[in-house]
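Architecture and fold: a report
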Amino acid sequence: MTVFSSRGVAIWSLALGTALAAGCARGAHGTVEAPRPEPAAAVLMPPAAAPSPTTQGILQGIVDSVLAAPMWRNARWGLLIVDAERGDTILSNDADKLFMPASNEKLLTGAIALQTLGPDYRWRTPVLLHGRQRGTTWHGDLLVSGSGDPGVSDSLSGGSAMNAFAPIRSALAARGITRIAGRVRAIGDAFPGATIGFGWAYDDFDAAYSAAVDELMFNEGVLELRARAAARVGGTVTVVSAPTRSYPRLVVQATTRDSVALPAGSPRPPRLDAVYDSIGDRVVVTGTLALGDSASITMSYRHPSDAYVAALTQSLDDGGIRIAGRRLAKTDTVGRAADTVVVLQSAPLSDVLRRMQKPSQNQIAELLFRTSGLRGSGDGSADSARAVGVRTLAGWGITTSDAAYRDGSGLSRHDYVTPRAIVRVLDAMRRSPWFATYREALPIAGVDGTIGNRMKGTPAAGNARAKTGTLDKARALSGYVTTADGRLVLFAMVSNNFTVPTRDVERVQDLLVTTLAGRALGGTAPRAPH
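Residues numbered from 1 in each chain as written. Predicted model: local features only at pLDDT ≥ 70, side-chain atom pairs only at ≥ 80, totals over all residues. Heavy atoms only, no water.

The next thing to look at is the packing of helix α5 (residues 166-174) against helix α6 (residues 304-318). Here α5 crosses α6 at 50°, and the two axes come no closer than 10 Å. Taken together, α5 and α6 sit at an angle that is classed as oblique. Judged by the twist between their axes, the crossing of α5 over α6 is right-handed. Side by side, α5 and α6 meet where Ile-168, Arg-169 and Leu-172 of the first sit next to Leu-312, Ser-315 and Leu-316 of the second. (Axes fitted to C-alpha atoms, helices over the stretch in contact; angles between N-to-C directions. Helix = DSSP H or I, 4+ residues; strand = E, 2+ residues; numbered from the N terminus. Parallel < 35°, antiparallel > 145°, perpendicular 65-115°, else oblique. Left-handed = near helix turned anticlockwise from the far one by under 90°. Contact = heavy atoms within 4.5 Å.)

Here you go:
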């Protein structure tokens, strides 16, 4: 442990390390070690004439104690805290080592998107008719050409993703069309290649947070299955899907069991479960549901464009425009140019950025990743998106030795970045004309987003704006906080390879941020909690 000029701070640091280790440290075989005895009260009393410790000294004491505690013996900590205006390093630990950032990757993705697209960028989705009209029937297909609009979702379409299709219904009604003899079809390939990210976990593909992305995206890739038990034991469980009612196809093999409580020690009945078949065409629902019970399962759409087409078809049908879906006569379509009916337009990037950062929405991050590649190179493939990202990062002094930028969300186990690279991105955005847009999109400590329940009642509440990151054995927190004397501080904190509960990592991160928020960098006394 580092010895400080203030004996009180050194002893305080030792006490903190003891407190962190007590009850949390684990032995070589996973057993909980006995707490170490606390120092006598007399030893904890600093000399009366000891000088007030500096904020920098306190932060260093916290970190020294953490690194020395047995509970962190297998963990890696990357830390960098910098005074934004002066460029002074306040704290550094392994700041130039590579760490898996998890959703801290979205700090890079958001910055690259702002740099490439600008805050006012809007996605445009042309909707066209191909064929000819006879009376109230359109003899042809309705075509949709996507480019990655993230706004066709419950969160960005007024509570229902179906609302995004209202302009199409209105445009067709204005032409007097009540029936389309052909089909709704997706055209174009703005995002060629795989619809899932490089290095994503295969066994997460059915989970909503790991949904595939494509140029046509519906409801952020999220599907809900609503199940209700039959009226009799042994009856088949009723399952419906939403928002799309007919897509994907459901194969229900789940049955209803008795609702009587099982005796102690009895084997548990199989739970209700839903998985896609081998080609992602059907969802198979298995297990049991107790008599009188209901359940909900949230999962992903495996084929984004198919989900979009199914949703639009459903929306038109609900609005009184029937889609017959029959094979068309060549005389209706050959030699005929497609006619633009309407062009759907998304919310601006500034709004979309908040929706991505505050709840840490992975699919929006991937759409920004691909859109930046499409806009920056004319190709929306993952490889082009990565190349545009690497080029943008290089402009901020971040090389491929500082960051392995492989996807937009941080789901990839091949994403790596140094804490210094994260701070450089934060600083580049601080100097950007779009700093307010970037900073305001981040979660606010104790207020909203993924840190809405953290640091409440501390000087960091309503002050720190930071992005979290969570994967198995990876936890990050990076962003901005203002000290008690009004100085903006940039920080990046990433921990990898730990085996303690995630909440223990968060406690260390929160302690460092609240210490920064509650003190002046010059060493003045902490201000009172909010």
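Structure shown, so let's carry the discussion forward.
Cis geometry marks the peptide bond from Ala-242 to Pro-243; its omega dihedral reads 5°. Residue placement: Pro-243 occurs in the loop between β8 (238-242) and β9 (249-252). The omega torsion across Tyr-247 and Pro-248 is -5°, close enough to zero to call that bond cis. Locating Pro-248 in the fold gives a position in the loop between β8 and β9. We note that Asn-219 has phi near 55°; this positive angle belongs to a residue other than glycine. Along the chain, the position of Asn-219 falls in the loop between β6 (184-187) and β7 (222-228). Here the phi dihedral of Glu-220 falls at roughly 55°; this positive angle occurs in a residue that is not glycine. Along the chain, the position of Glu-220 falls in the loop between β6 and β7. On the accessibility criterion, Glu-220 (8% relative accessible area) is buried. (Buried < 20%, exposed > 50% of the residue type's maximum accessible area, 1.4 Å probe, protein only.)

This paragraph deals with the packing of helix α9 (residues 362-377) against helix α10 (residues 382-395). Packing of α9 against α10 leaves a shortest axis separation of 7 Å and a crossing angle of 80°. With respect to their mutual orientation, α9 and α10 come out roughly perpendicular. From α9, Phe-369, Arg-370, Ser-372, Gly-373, Gly-376 and Ser-377 reach across to α10, where they touch Ala-382, Ser-384, Ala-385, Arg-386, Val-388 and Arg-391. Its residues assigned to classes, the contact of α9 with α10 comprises four nonpolar, five polar and three charged. (Nonpolar A, V, L, I, M, F, W, Y, C, P; charged D, E, K, R; others polar.)

All right, on to the side chain of Asp-402 then. Note that Asp-402 resides in the loop between α10 and β17 (403-404). Buried within the structure, Asp-402 lacks any salt-bridge partner; its nearest side chain of opposite charge belongs to Arg-424, at an N-O separation of 4.3 Å. Within the structure, Asp-402 has its side chain in polar contact with the backbone nitrogen of Thr-399 (distance 2.9 Å). Dropping the residues within four chain positions of it, Asp-402 is found in contact with Leu-98, Gly-397, Tyr-416, Val-417, Thr-418, Ala-421 and Arg-424. (Lys, Arg positive; Asp, Glu negative; His and termini not counted. Salt bridge = Lys/Arg side-chain N within 4 Å of Asp/Glu carboxyl O. Polar contact = N/O pair within 3.5 Å; in protein donor to acceptor, adjacent residues only side chain to side chain.)

Think of a sheet as strands paired side by side through backbone hydrogen bonds, with each pair either parallel or antiparallel. Spatially, β2-β1-β21-β20-β19 is the arrangement adopted by the five strands of the open sheet, whose pairing is antiparallel. A strand with exactly one partner marks an edge of an open sheet, and here the two such strands are β2 (89-93) and β19 (465-471). The average undirected angle you get between the axes of adjacent strands in this sheet is 5°. Where β19 and strand β20 (residues 474-482) come together, seven bridges link them in antiparallel fashion. For Thr-468, the partnering residue across the bridge sits in β20 and is Leu-477. (Pairing = 2+ DSSP bridges.)

Nothing here speaks to function; it is all geometry.
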